[in-house]
2 protein chains.
Amino acid sequence: MRILGGKWKASILWHLQAGPTRFNALSRELGGASKKMIAERLKEMEETGLVTRQVVATKPVAVTYELTPFGHSALGILESLHDWCVDHDV
Amino acid sequence: MRILGGKWKASILWHLQAGPTRFNALSRELGGASKKMIAERLKEMEETGLVTRQVVATKPVAVTYELTPFGHSALGILESLHDWCVDHDV
DNA sequence: CTGGATCCCGTAAGATACTG
DNA sequence: CAGTATCTTACGGGATCCAG
């Protein structure tokens, strides 16, 4: 729960499964989440090894986030959770 | 996450799998949790249908909590989560 | 424009005392 | 025994502001 819990980590993982994504792209796709939330959650997820952070020194700077293999495996878990919710009407 | 999240619900489910358990028994087994936490979490879990509450009109009163089938199925999910953590060293 | 830091608030969590 | 009442603290969450 400490790794996957909270309000946004699951959504972030979901949106990252398509491939490396920029900070603001995430911010746009996760409509209801403030940039602070995304930044905090990404930092935690980087520390737990779910995602990697890449800084591209263009101008203006670009920062992309990408799933690690561990992050991909987490998506499998989330899918189990999802199926469980659906099976029990939740 | 809303159903299983928080700090104590998983532990409560785990301790209830042995069968109907009394409030104070839970309180003793979940060392670090105050009675307030347990009471609040149990109330939520009753509302989401994970557990049932049974009042036995002895003197003094006894109250036991028991897993519903839905609660049992949640244990399966938690086990998946646990296995996932173990497999990835967490 | 980009990514992120700061401020403020509400709720969860924790400790303790009290009640039927 | 099984909670409730009350208070304090910690953290998640949201809006806003800052730097490159």
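Reading the values: the criteria
- Residues numbered from 1 in each chain as written.
- Chains lettered and ligands numbered in written order.
- Predicted model: local features only at pLDDT ≥ 70, side-chain atom pairs only at ≥ 80, totals over all residues.
- Heavy atoms only, no water.
- UniProt positions renumbered as here; feature names shortened; annotations may be inferred.
- Helix = DSSP H or I, 4+ residues; strand = E, 2+ residues; numbered from the N terminus.
- Contact = heavy atoms within 4.5 Å.
- Buried area = accessible area lost by both parts, 1.4 Å probe.
- Salt bridge = Lys/Arg side-chain N within 4 Å of Asp/Glu carboxyl O.
- Polar contact = N/O pair within 3.5 Å; in protein donor to acceptor, adjacent residues only side chain to side chain.
- Nonpolar A, V, L, I, M, F, W, Y, C, P; charged D, E, K, R; others polar.
- Least-squares fit on C-alpha atoms with pLDDT ≥ 70 in both.
- Near = heavy atom within 4 Å.
- Buried < 20%, exposed > 50% of the residue type's maximum accessible area, 1.4 Å probe, protein only.

Let's talk about the UniProt feature "domain: HTH hxlR-type" (unreviewed entry) in chain A
In the numbering used here, UniProt assigns the "domain: HTH hxlR-type" (unreviewed entry) feature to residues 1–90 of chain A. Regarding residues 1–90 of chain A, the helix share stands at 52% and the strand share at 16%, and the terminal C-alpha atoms are separated by 19 Å.

Looking at the interface of chain B and chain A
Frequently, the measure chosen for interface size is the accessible area that the parts lose on association. Residue-level contacts link 13 residues of chain B with 15 residues of chain A. Counting each side, the surface lost to burial between chain B and chain A is near 1,400 Å², with a carbon and sulfur contribution of 88%. Together, Met1, Ile77 and Trp84 of chain B form the three largest contributors to the area buried by chain B at its contact with chain A, with a combined 42%. Counting across the chain B and chain A interface gives 0 salt bridges. Taken together, the connections running from chain B to chain A amount to 4 residue pairs in polar contact (both at pLDDT 80 or more). Grouping the constituent residues of the side of chain B that touches chain A by class yields 9 nonpolar, 4 polar and no charged.

A short note on the relation of the copies chain B and chain A
Here the second copy of the chain follows from the first by a rotation about an axis and a shift along it. Superposing chain B onto chain A takes a rotation of 179 degrees plus a shift of 0.3 Å along the axis, which leaves an RMSD of 0.2 Å. Each copy turns onto its partner about a two-fold axis. Closest to the rotation axis within chain B is the C-alpha of glycine 5 of chain B, separated from it by 3.4 Å. Of all interface residues in chain B, 100% are interface residues in chain A too; the two copies therefore contact each other through one and the same surface.

A word on the protein's contact with DNA strand D
In the neighbourhood of DNA strand D, 17 residues make up the surrounding shell, with Lys7 and Lys36 of chain A together with Arg22, Arg53 and Tyr65 of chain B lying closest. Sugar and phosphate atoms represent 61% of those atoms of DNA strand D found within 4 Å of the protein. Taking lysine 35 of chain B, its side chain carries an N or O atom lying 3.3 Å from a base oxygen of DNA strand D. Put simply, the parts of the chain that give the surface near DNA strand D at least two residues each are helix 3 (35–47) of chain A together with helix 2 (23–29), helix 3 (35–47) and strand 3 (62–67) of chain B.

Some details on unusual backbone geometry
With omega at 5 degrees, the peptide bond leading from lysine 59 of chain A into proline 60 of chain A counts as cis. Locating proline 60 of chain A in the fold gives a position in the loop between strand 2 (51–56) and strand 3 (62–67).

Describing the pattern of salt bridges
Per the stated rule, a full pass over the model turns up 8 salt bridges over all chains. One salt bridge connects lysine 36 of chain B with glutamate 40 of chain B, and the closest N-O pair in it is separated by 3.9 Å. Taken together, the residues lysine 36 of chain B and glutamate 40 of chain B, both in helix 3 and 4 residues apart, mark about one turn of the helix. The partly exposed category is assigned to glutamate 40 of chain B, whose relative accessible area is 32%. Here arginine 41 of chain B ties to glutamate 40 of chain B by a salt bridge, and the two come within 2.7 Å at their closest N and O atoms. The buried category is assigned to arginine 41 of chain B, whose relative accessible area is 15%. Members of the salt-bridge network, linked through shared partners, are Lys9, Lys36, Glu40, Arg41 and Glu44 of chain A.

Thoughts on the side chain of serine 27 of chain B
All names here are of chain B. Position of serine 27 relative to the elements: it lies in helix 2. For serine 27, a relative accessible area of 17% gives the class buried. Setting aside chain neighbours within four positions, we find serine 27 in contact with Lys35 and Ile38.

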